[in-house]
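Fold and contact review
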Amino acid sequence: MTARDLWQEFSRADLNPDALALGDLTRRTAVARVTELAERLRAQGVRPAEAVGLQGPNQPEWVLGLLALTAAGACPLLLPADSPPAESRRLLRTAGARRTLVADPDGAEWAVLSTEDHWADGGLADDGKAVGDAASEAAAHTPGTVLLASSGSTGTPKVVARSPRSVLDEGVRYHRAGLARPEDSVLLPLPLSHAYAFGWLAGALVAGAHVDPVPPRAVGAVHARLRERATVLVTVPGLARVLARRRALADDAPFPALRRVMAGAGYVEAELDALWTRTLGVGVSRNFGSSETGAVLWGEPGLPSGAVGRPMPGVRIDLLDPDGTTLPGTGAAQGELAVVLEDGSTHRLHDLADRDEHGVHRILGRARLGVVRRGARWVSTMEVESVLRAAPGVADVSVTATGPDDSDDQGLTVEYVPADAELAAPRRVQAYARAELAAYKVPDSFQPRYRLRRSAVGKAQAAPVYRLAHAAARPDAPAEQVLAAALTELGLPPLLADGGTAADLARTAGLRADVLSPVLDTACALGLLVTDAGSAGPPDPWAYPTDVVPAGRVLAARVRGDAAGEGPRLPTALAGPPPPDARLRAAVEGLLAEAAVDGALLEIGDGGAPPSADAEYAACVVLGGVHGPAAQLGALAALLRPKGLLVVVDAFVPDPLALADGTSRTTVVRWLVDGHLHWWTPQELRAGLEAVGLRVEESRGTEQAPYTILTARKPS
């Protein structure tokens, strides 16, 4: 290894300049664009070892920006593309960065260096150091050091510095293990700012392979690349489950070029491996590592659930006892993972693992977080999650420990998203757990939730602390005003001035936490509340017109658990989406004709409850009936005969936690006032339909926004 950094690796003279190297760009073109951008950055005053943020969508331009910053000697700070501005500012302050390179492939000038005073609202970085100290510490990095934002799943989010040599060493591991080869086309539909995806990017660049970054969870783009050229697909367990169930992917399988599917940053079940092998002909490999060390373990398909394999080339894996002493030998043992890297440095990963007699490691979870001591037994929360994810009607699940970390008998709490309120009632999920798990692994509490917060790579995130936004955040549109009226009616502004989670606020004010959570999330999306302490403000009273008060009172009554009383009276500006017109009905009729439905057809209108399942239908069309106060997808599935078709036509928003346009804001507030809490996005509805045993075949937009059509079929 003679290269100094990733840029030198990418621009090596021995690589074919006319071969595709990055997306649809040849290496010659990519090198020219990086060289031009690096010169422009130097001309704009970017200094060696200066920390500079890098943000943008998962496209080739992001990689070009990374390489250009490296070529200029800067230290790129990899900012998640979906980070809100407050979070990005916090990370920039921590890293001592004052500028950000924004890589936007749709812009007139695809990469723009922006300067912003990230310290305008305070003189301290997140760890309490003065900003000058943080900037000086950042300046001490070696030119080309990559700064990674930790996922937050390991405690307080922080910035991890990876030296150019550390990055190259990780890339060499992938190459020496044969995971990334020169002839490969590596498909990366994951946030490149995440340590797992970034490690794979380094491996592909070191190997001289073709790198194909696409937006996270862009299922259509993944399908197209698999058909065209991809030989390696890098994914996470959640996305791997979605992809393996896609009808189009399964119908086109096997993909002749695809030789490996790698799933990391999560718990891989043997069932997921079998699903890929059965439907697409390629099993799931495993990957494990940390932000500080990069990938250190990997395994071939066919391993048991939770297993991640053996050490990658160049690293040594030790297991430590509770005192920190290395356990002798290489045979079966259990302890905390410690890694010795190529440079001789040792890193304790704070993960507990089993090692079998063949040297294969199985991750139990995070020490003090993901592994729970119950009496004389250890319980992995990831294992419990894996089992409960298969429970009937459970669309998503998270298991956490309760009680002191040093307790010998900690509790377990399950939070889960029900696809059907009856099918996945707490008593039924608990009964499933008792049937599938040893008694000491059965959780103590089962709490249904309308949504679980997850990162872009599927990691569960802690419940946010809500606070009032700065006084400048005034409710100036009907949607915001209805929310402000509801929060005022509930008496929450004084509590929100100090901050609290939805559960804390509900307990203090005597409210329903399951209804309060979506209300608070929506208030955040509308700018009335924040989850970042640095953006919080004083409890100044909100001003709003009297015509929004009735709707606010109806919503407040729902959060209290009272009868809503008279129907909500919404301001004229909050009129709902247009009713399905002839074009939309024609699209549904065409879809039914294409599916060759033969038999009885049932149509359920907006707000209509599913009838009792006393007949089996060949097809069921639901017009706007899935955003209910309680999910009833199991009742819909029960109406269908084997191979029956379910067609859902409804209005959706892309992301209820980031409502950018007025139409989405209006739609979500109307849903809340009407008591609708479930399945706000097509992706969530897809997960819910699969949880009740249906196979989603297609999701398509319509000419009549904001409607979307989803089709699912009942297996034979």
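Residues numbered from 1 in each chain as written. Predicted model: local features only at pLDDT ≥ 70, side-chain atom pairs only at ≥ 80, totals over all residues. Heavy atoms only, no water.

1. Describing the overall build of the protein
Helix and strand counts for the protein come out as 22 helices and 31 strands. Put simply, the protein has 716 residues, and 53% of those count as buried. Considering only intrachain contacts with a sequence separation of at least 6, the fraction spanning at least 24 residues in the protein is 66%. When the accessible area of the protein is evaluated, it comes to approximately 29,000 Å², of which 51% is carbon and sulfur surface. (Helix = DSSP H or I, 4+ residues; strand = E, 2+ residues; numbered from the N terminus. Buried < 20%, exposed > 50% of the residue type's maximum accessible area, 1.4 Å probe, protein only. Contact = heavy atoms within 4.5 Å. Areas by Shrake-Rupley, 256 points an atom, 1.4 Å probe, with all protein chains shown as cover.)

2. Concerning empty space enclosed by the protein
All chains considered together, the criterion is met by 2 cavities of 30 Å³ or more. Here the second largest cavity defines a volume of roughly 40 Å³. Taken together, Asp5, Leu6, Thr70, Gly144, Val146, Pro164 and Val167 make up the full set of residues lining the second largest cavity. Its residues placed into classes, the lining of the second largest cavity shows 4 nonpolar, 2 polar and 1 charged. (1 Å grid on protein atoms, 1.4 Å probe; cavity = no way out; pocket = protein on both sides within 12 Å on 5 of 7 lines; lining within 4 Å. Points joined across faces, edges and corners; volume = space filled by probe spheres on them. Nonpolar A, V, L, I, M, F, W, Y, C, P; charged D, E, K, R; others polar.)

3. Notes on the sheet that holds strand β3 (residues 51–55)
Taken in spatial order, the 6 strands line up as β6-β5-β3-β4-β7-β8 in an open sheet, and their pairing is mixed. Whereas interior strands pair on both sides, the edge strands pair on one side only; in this sheet they are β6 (111–115) and β8 (159–162). Averaged over all neighbouring strand pairs, the angle between strand axes comes to 25°, with direction disregarded. Pairing of strand β5 (residues 99–103) with β6 involves 5 bridges; the strand directions are antiparallel. Bridging from a neighbouring strand, Thr100 pairs with Ser114 of β6. (Pairing = 2+ DSSP bridges. Axes fitted to C-alpha atoms, helices over the stretch in contact; angles between N-to-C directions.)

4. Here's the deal with the sheet that holds strand β30 (residues 695–701)
Here 5 strands make up an open sheet; going across it, the order is β27-β28-β29-β31-β30 and the pairing mixed. Either end of the sheet is taken by a strand with one partner, and the two such strands are β27 (601–604) and β30. Sheet twist, expressed as the average angle between the axes of neighbouring strands with direction ignored, equals 15°. Here strand β29 (residues 640–651) pairs with strand β31 (residues 707–713) via 7 bridges, running antiparallel. Bridged to Ala651 within β31 is Tyr707. Where helix α19 (residues 582–594) meets the sheet, its contacts fall on β27, β28 (617–623), β29, β30 and β31, and the angle it forms with β29 comes to roughly 160°.

5. A closer look at the packing of helix α14 (residues 478–489) against helix α21 (residues 662–673)
Close contact between α14 and α21 brings their axes to 9 Å; oriented N to C, the two are set at 30°. By crossing handedness, the relation of α14 to α21 is classed as left-handed. In this structure, α14 contributes Ala479, Glu480, Val482 and Leu483 to the contact, and α21 contributes Arg665, Thr666, Val669 and Val673. Classifying every residue of the contact of α14 with α21 by side-chain character gives 5 nonpolar, 1 polar and 2 charged. (Left-handed = near helix turned anticlockwise from the far one by under 90°.)

6. A few points about the nonpolar core
One finds Trp200 and Trp276 to be the most contacted residues of the largest nonpolar core, which totals 98 residues. Examining the composition of this core, we find that 11 residues originate from one element, helix α7 (residues 195–207), more than from any other. Setting aside chain neighbours within four positions, we find Trp276 in contact with Leu233, Ala240, Leu243, Ala244, Val261, Gly281, Val282, Gly283 and Val284. Judged by nonpolar contacts, the second largest core, of 43 residues, contains Leu511, Leu520, Ala551 and Val669. (Core = buried A, V, L, I, M, F, W, Y, C linked by side-chain atoms within 4.5 Å.)

7. Comments concerning the side chain of Ser290
Locating Ser290 in the fold gives a position in strand β13 (residues 284–290). A relative accessible area of 16% means that Ser290 is categorised as buried. At 2.8 Å, the side chain of Ser290 forms a polar contact with the side chain of Thr293. (Polar contact = N/O pair within 3.5 Å; in protein donor to acceptor, adjacent residues only side chain to side chain.)

8. A short note on the pattern of salt bridges
Inspection of the entire model under this criterion finds 38 salt bridges. Residues joined in a network through salt bridges with shared partners are Asp24, Asp212, Arg225 and Arg229. (Salt bridge = Lys/Arg side-chain N within 4 Å of Asp/Glu carboxyl O.)

9. Some words on the confidence of the model for the protein
One rule of thumb: low pLDDT means the predicted coordinates there are not for detailed reading. When pLDDT is averaged along the protein, the result is 86, and 89% of the positions lie at 70 or above. Helix α5 (residues 131–139) is the least confidently modelled element of the protein, averaging 47 in pLDDT, while strand β9 (residues 185–188) averages 98, the highest of any element. The low-confidence segment residues 118–138 (pLDDT under 50) makes 41 contacts with residues lying over four places distant or belonging to another chain. Below pLDDT 50 for its whole length, residues 152–156 participates in 5 contacts with residues either more than four positions away or in separate chains. (pLDDT = per-residue confidence, 0-100.)

10. A few points about the packing of aromatic side chains
The final tally for this structure, using the stated rule, is 3 aromatic pairs. With centroids separated by 4.6 Å and ring planes inclined at 45°, the aromatic side chains of Tyr174 and Trp200 adopt a geometry described as tilted. With a gap of 26 residues between them, Tyr174 in helix α6 (residues 164–176) and Trp200 in helix α7 connect regions that are remote in the sequence. Arranged with centres 5.9 Å apart and planes meeting at 65°, the rings of Tyr450 and Trp680 form a pair that is edge-to-face. Of this pair, Tyr450 sits in the loop between β24 (445–448) and β25 (467–468) while Trp680 sits in the loop between α21 and α22 (682–691), and the two are 230 residues apart along the sequence. Trp680 matches Tyr450 in its accessibility class, with the two residues each being buried. By the ring-pair criterion, three or more aromatic residues cluster together here, those being Tyr450, Trp671 and Trp680. The ring of Phe10 has Arg27 sitting right over it, with the charged end atom 4.8 Å from the ring centre. (Phe/Tyr/Trp six-rings, centres within 6.5 Å; stacked < 30°, edge-to-face > 60°. Lys NZ or Arg CZ within 6 Å of the ring centre and 35° of its normal.)

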